[in-house]
Amino acid sequence: MATALEQFSHMDKVAIAFVFFLKMVCSVLFSALLSAFTAFMETILNKPKDTALIYVAASQSAVGIVSILTVAVFVFTPLGKGRASPVLFFSLGCYFLVYLYSYPWPPVSEPIVVNSTANPHGCDATELEWCATQWHVKVWYWLPVTVILFAMAVPTSMISLDTVYSKLLGNIDQNMMQGALVLADDLASSIAPIVTMKIYTAYGPATFWLVLAGSALVGFLAWLPMIPKMRRLKI
């Protein structure tokens, strides 16, 4: 601990603080969608829960496949040898587009189906007041693009942040500092689902998507001041 604190005293604390902040932002953006995805799919599909779960499972499998392909591109092409900082902008941009794209814009959206005799699997307006007033993005317009963008955002954010952080730490025993970053990641991942699902259930998916799009935009803008420093350090 004493060695780690002594090494930390010589580090670029501002840059490291930015990395911690963005790590937590990315954790929130990642875990929020996972926590709300099943509930949202049940709302927009208007089908039995077991059918909705099949859609969820298939979507998660597709995300996994695209993520593997994204990582393969970085491993086996010159992209993996470039600077990590621009990749972080790419991942935050993907997150931003996922949530902005998910907002129920009028041309590509339709009203949420409310539970009734004719629609027994519709949204229950007695539990969620917004069911009767809000719209949702049409599923076949929304799902494929969301899967692709989310699948690219997750691995690129992990690769870029870990690379930037490791290079900022330099040639030291990184166990303590890497552990601190994992702790921040776990903390954000633990709190985010609780907070974001409260937003989802209280205000509906439209507000939920806007809050997360705003969070991604904050992360994107927060990294802009670090561009000159990252260029000097060739990160």
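Remember, predicted model here, so these are calculated numbers, not experimental data. (Residues numbered from 1 in each chain as written. Predicted model: local features only at pLDDT ≥ 70, side-chain atom pairs only at ≥ 80, totals over all residues. Heavy atoms only, no water.)

Quick look at the overall build of the protein chain now. From N to C terminus, the protein chain includes eight helices and two strands. Of the regular secondary structure in the protein chain, the N- to C-terminal order runs α-α-α-α-β-β-α-α-α-α. Seen along its three principal axes, the alpha-carbon backbone of the protein chain occupies a region of about 65 × 35 × 30 Å. Residues classed as buried in the protein chain amount to 41% of the 235 residues present. Sequence-distant contacts in the protein chain: of pairs separated by 6 or more residues, those separated by 24 or more amount to 81%. Carbon and sulfur atoms make up 69% of the accessible area of the protein chain, which amounts to about 12,100 Å² in all. (Helix = DSSP H or I, 4+ residues; strand = E, 2+ residues; numbered from the N terminus. Buried < 20%, exposed > 50% of the residue type's maximum accessible area, 1.4 Å probe, protein only. Contact = heavy atoms within 4.5 Å. Areas by Shrake-Rupley, 256 points an atom, 1.4 Å probe, with all protein chains shown as cover.)

Moving on, we come to the packing of aromatic side chains. All chains considered together, the criterion is met by 15 aromatic pairs. Judged by centre distance (5.9 Å) and plane angle (0°), the ring pair of F30 and F150 falls under stacked. Placement of F30 in helix α2 (residues 13–45) and of F150 in helix α5 (residues 139–169) is noted, with a sequence separation of 120 residues between them. Ring plane angle 90° and centroid distance 5.5 Å describe the contact between Y200 and F208, whose orientation is recorded as edge-to-face. Linked through ring pairs, F37, F40, Y99, W130, W142, Y200, F208 and W209 together constitute an aromatic cluster. (Phe/Tyr/Trp six-rings, centres within 6.5 Å; stacked < 30°, edge-to-face > 60°.)

Turning our attention to α5. With 31 residues, α5 extends 44 Å between its outermost C-alpha atoms, agreeing within 8% with the 45 Å of an ideal straight helix rising 1.5 Å per residue. Downstream of α5 by a residue or two, G170 has a phi angle that is positive, lying close to 80°. (Expected span 1.5 Å × (residues − 1).)

A word on the state of the cysteines. Considering all chains together, one arrives at one disulfide under this definition. For the unlinked cysteine C26, the closest cysteine sulfur is that of C94, found at 11 Å. Accessibility expressed as a relative area gives 5% for C26, which makes it buried. (Disulfide = S-S within 2.5 Å.)

Turning our attention to the packing of α5 against helix α6 (residues 175–203). Each pair of packed helices can be summarised by the angle the axes make with each other and by the distance between the axes. Where α5 meets α6, the closest approach of the two axes is 11 Å, and the angle between their N-to-C directions is 145°. Here α5 and α6 pass one another in a crossing that is right-handed. Together, D162, Y165, S166 and L169 of α5 and M177, Q178 and L181 of α6 make up the contact between the two elements. Residues that form the contact of α5 with α6 fall into these classes: four nonpolar, two polar and one charged. (Axes fitted to C-alpha atoms, helices over the stretch in contact; angles between N-to-C directions. Left-handed = near helix turned anticlockwise from the far one by under 90°. Nonpolar A, V, L, I, M, F, W, Y, C, P; charged D, E, K, R; others polar.)

Once that is clear, we can look at the environment of A192. Summarising the element assignment, A192 is placed in helix α6. A residue is classified by how much of its surface remains accessible, and A192, at 5% relative accessible area, is buried. Not counting chain neighbours up to four residues away, the residues in contact with A192 comprise V28 and S31.

We now examine unusual backbone geometry. The backbone phi angle of N46 is positive, close to 55°, even though this residue is not glycine. Its location among the elements puts N46 in the loop between α2 and α3 (49–76). In the Ramachandran plot, K234 falls in the positive-phi region, its phi being about 60° despite a non-glycine side chain. Examined against the element boundaries, K234 turns out to sit in the segment after α8 (227–233). Given the relative accessible area of 67%, K234 is considered exposed.

This part is about the nonpolar core. In this structure, M41, Y95, Y99, W142 and W223 are the most contacted members of the largest nonpolar core, which totals 61 residues. Top contributing element to this core by residue count: α2, with 16 residues. With residues near it in sequence (within four places) discarded, M41 still touches Y55, V56, V139, W142 and L143. (Core = buried A, V, L, I, M, F, W, Y, C linked by side-chain atoms within 4.5 Å.)

Bringing a nonpolar patch on the surface into the picture now. Taken together, the side chains of V71, V75, F76 and I159 define a hydrophobic patch exposed on the protein surface, amounting to about 380 Å² of accessible area. Residue contributions to the nonpolar patch peak at three residues, all from α3. For V71, the position within the fold is in helix α3. Among the residues examined, V71 registers a relative accessible area of 31% and is labelled partly exposed. (Patch = residues over 30% accessible without salt bridge, like charges linked within 9 Å, V, L, I, M, F, W, Y side chains within 5 Å. Salt bridge = Lys/Arg side-chain N within 4 Å of Asp/Glu carboxyl O.)

As a further point, take the UniProt feature "transmembrane region" (unreviewed entry) in the protein chain. Under the local residue numbering, the UniProt record ascribes the feature "transmembrane region" (unreviewed entry) to residues 14–40, 52–75, 87–105, 139–159 and 206–224. With 84% helix and 0% strand, residues 87–105 has end C-alpha atoms that lie 29 Å from one another. Helix makes up 100% of residues 139–159 and strand 0%. Its end C-alpha atoms lie 30 Å apart. (UniProt positions renumbered as here; feature names shortened; annotations may be inferred.)

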